[in-house]
There are 2 protein chains.
Amino acid sequence: MTYCVGMMLDRGLVLMSDTRTNSGVDNISTFRKMYHWQVPGERVIAVMTAGNLATTQAVVSQLEERNKAPAERHNSLLEAPTMFQVATIVGNLLQDVIEERAADNGQTAAAGTFSATMIVAGQIKGMEPRLFLIYPEGNFIEASFDTPFFQIGETKYGRPILIRGYERDMSFEAAVKLMCVSFDSTLKANLSVGMPLDLLVLETDGFTPLHERRIEASDPYFQSISTSWGEALRQALEGLPDYTLDAAAGGRLKGTA
Amino acid sequence: MTYCVGMMLDRGLVLMSDTRTNSGVDNISTFRKMYHWQVPGERVIAVMTAGNLATTQAVVSQLEERNKAPAERHNSLLEAPTMFQVATIVGNLLQDVIEERAADNGQTAAAGTFSATMIVAGQIKGMEPRLFLIYPEGNFIEASFDTPFFQIGETKYGRPILIRGYERDMSFEAAVKLMCVSFDSTLKANLSVGMPLDLLVLETDGFTPLHERRIEASDPYFQSISTSWGEALRQALEGLPDYTLDAAAGGRLKGTA
């Protein structure tokens, strides 16, 4: 599995991904699932991947035309006129890779063995930052402030805190903190999501990453979040109004709020 | 889907279940998924169910021998000598019902169409309270204080808070509060889990429910938890150490904890 979150804020985009891949629980490895490319001052485009690793690596390799000699390579993402076009290119390539591999193995693409999902984020000069979720079928949806973040992979454990904690005008620092909590909750519950994490912050009209970092398991900030969050949650629980059992009254509620 | 939690505490057992069943998103209904039986002063046994509703209702009907005239019915759970035997009866019946329905439809039981999972909890006089998770294959596992709670159905959203908030010596009131938060997080994230909730508290050596209640959507306590928890989480987040972007230093961390 995997856990990746892409989040849209008033001031830009924040992306975080884990690095664990596994085939069963006895075959785990660390692979980067976040990629980005830029034309400084003109565009920055990031991709995060979840699903079959051979599929997602094939898509990224083909985007970068690694089958050609270095001098002859063109990254079509760096030439696409709009982010919509970028999402279309990634979607088509993803769908092609899945379908080809499935066909070679006598399966349908829908069987899912070779399936993958991606988040595409970025900005091209003169246009707004945009955030897309790309489906294995090659189509995609775009985030708006009604649904301002996308998750892929093992999404459920870390979702409640994102729903509660997100605000569109939050600072990048607050958004990174929120994501760290979401990842920590997921890491605590599911072995298929693992450290280190990759973090990328794209400020609107920056056209180069404002902040980029690999957060290791030994990272003092992440460790402090992980430790403090347990305590903060317990205090938050304690602060909530108490339930009152009142057996004599057959469970009548006595509010103490 | 469904969401049910059974929790073992030093002082007894707490069970909570939702009541939504759905076949697609356009066919939703309310059904009780929590059942209990008692011989006052001697035993109390509770069952919660997730999965195919026809399967789980068939199991419960057969436990109660509803195919016989009322005077001739014997509930074998009320005659089993141990909770282990109770779990065995429920497991065998569950597996039989699934297998028979699958076979009638030319499927294997493993195909999952008729599958279901159950939580069995209770106490028989002279023995400890016990909590079991029953698999569709008919086998089961028992909770211990290493893994003191079981969830069935849509388990992921509400799991992180249970992991962080649970303590074996907590009061029943605190445990109900914790469960309300776990259910609220799940309800907020997944349409297939819905109000009202059923709550059952079994005190050790009580042999009759200490507290039993249906929590409606309009319940002022549950509403206050739902409202306060969002605010409490935001405050808990704010209280955590801030992340510092330091772009000039390539993302060097400046601890502010």
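Use the structure listed above.
Residues numbered from 1 in each chain as written. Chains lettered and ligands numbered in written order. Predicted model: local features only at pLDDT ≥ 70, side-chain atom pairs only at ≥ 80, totals over all residues. Heavy atoms only, no water.

Caption draft 1: Here's a closer look at the overall build of chain A. Across its full length, chain A carries five helices and 12 strands. Relative to its 257 residues, chain A shows a buried fraction of 51%. Counting only contacts in chain A whose residues sit at least 6 apart along the sequence, the fraction spanning at least 24 positions is 61%. Accessible surface for chain A amounts to roughly 10,900 Å². Of this, 48% is attributable to carbon and sulfur atoms. Averaged over its 22 positive side-chain charges, chain A has a centre that lies 4 Å from the centre of its 31 negative ones. (Helix = DSSP H or I, 4+ residues; strand = E, 2+ residues; numbered from the N terminus. Buried < 20%, exposed > 50% of the residue type's maximum accessible area, 1.4 Å probe, protein only. Contact = heavy atoms within 4.5 Å. Areas by Shrake-Rupley, 256 points an atom, 1.4 Å probe, with all protein chains shown as cover. Lys, Arg positive; Asp, Glu negative; His and termini not counted. Charge placed at Lys NZ, Arg CZ, Asp CG, Glu CD.)

Caption draft 2: Local environment of the sheet that holds strand 7 (residues 116-124) of chain B. Residue and element names in this part refer to chain B. Strands sit in the order 5-6-7-8-9 across an open sheet of five strands; the sheet is antiparallel. For this open sheet the edge positions go to strand 5 (34-39) and strand 9 (140-142), each flanked by a neighbour on one side alone. Pairs of neighbouring strands in the sheet enclose a mean axial angle of 15°, with direction left out of account. Two strands pair when backbone bridges link them, and strand 8 (residues 130-134) and strand 9 are joined in this way by three bridges, in the antiparallel orientation. Bridge pairing in strand 9 links phenylalanine 132 to glutamate 142. Sheet strands in contact with helix 2 (residues 83-104) are strand 6 (43-51), strand 7, strand 8 and strand 9, and its direction is about 160° off that of strand 7. (Pairing = 2+ DSSP bridges. Axes fitted to C-alpha atoms, helices over the stretch in contact; angles between N-to-C directions.)

Caption draft 3: Looking closely at the packing of aromatic side chains. According to the stated counting rule, one finds 12 aromatic pairs over all chains in the structure shown. When the centroid spacing of 4.5 Å and the interplanar angle of 35° are considered together, the rings of tyrosine 3 of chain B and phenylalanine 183 of chain B count as tilted. Residue tyrosine 3 of chain B is found in strand 1 (residues 3-9), and its partner phenylalanine 183 of chain B is found in helix 4 (residues 172-189); the two are separated by 180 residues along the sequence. For the pair shown, tyrosine 3 of chain B and phenylalanine 183 of chain B are each scored as buried. An angle of 10° between the planes, with centres 6.4 Å apart, marks the rings of tyrosine 35 of chain B and tryptophan 37 of chain B as stacked. Each member of the pair, tyrosine 35 of chain B together with tryptophan 37 of chain B, is buried. Connected via pairs of aromatic rings, a cluster forms that spans Phe84, Phe132 and Phe140 of chain A. (Phe/Tyr/Trp six-rings, centres within 6.5 Å; stacked < 30°, edge-to-face > 60°.)

Caption draft 4: Structural context of the sheet that holds strand 11 (residues 197-203) of chain B. Residue and element names in this part refer to chain B. One open sheet holds the five strands; their spatial order is 10-1-2-11-12, and the pairing between them is antiparallel. Both edges of this open sheet fall to strand 10 (149-153) and strand 12 (211-215), since each of them pairs with a single strand only. Each adjacent strand pair in this sheet contributes to an overall mean axis angle of 10°, direction not counted. As paired elements, strand 1 and strand 2 (residues 12-17) share six bridges and run antiparallel to each other. In the strand pairing of strand 2, glycine 6 is matched with leucine 15.

Caption draft 5: Up close: the state of the cysteines. On inspection of all chains with the given rule, the structure shows zero disulfides over all chains. A disulfide-free cysteine, cysteine 180 of chain A has its sulfur positioned 14 Å from the sulfur of cysteine 4 of chain A, the nearest such atom. (Disulfide = S-S within 2.5 Å.)

Caption draft 6: Just the pattern of salt bridges, in detail. Taken as a whole and judged by the stated rule, the model has 30 salt bridges over all chains. Where aspartate 18 of chain B meets lysine 33 of chain B, a salt bridge forms, and the shortest distance between an N and an O atom there is 2.7 Å. Placement of the pair is aspartate 18 of chain B in the loop between strand 2 and strand 3 (20-22) and lysine 33 of chain B in the loop between strand 4 (28-30) and strand 5, with a sequence separation of 15 residues. Like lysine 33 of chain B, aspartate 18 of chain B is buried. One salt-bridge network, held together by shared partners, links Arg32, Asp198 and Arg214 of chain A. (Salt bridge = Lys/Arg side-chain N within 4 Å of Asp/Glu carboxyl O.)

Caption draft 7: Broad picture of the side chain of glutamate 65 of chain B. Residue and element names in this part refer to chain B. Position of glutamate 65 among the secondary structure elements: in the loop between helix 1 (53-63) and helix 2. Glutamate 65 sits in the buried class, given a relative accessible area of 18%. Not counting residues up to four positions away in its chain, the partners in contact with glutamate 65 are Glu72, Arg73 and His74.

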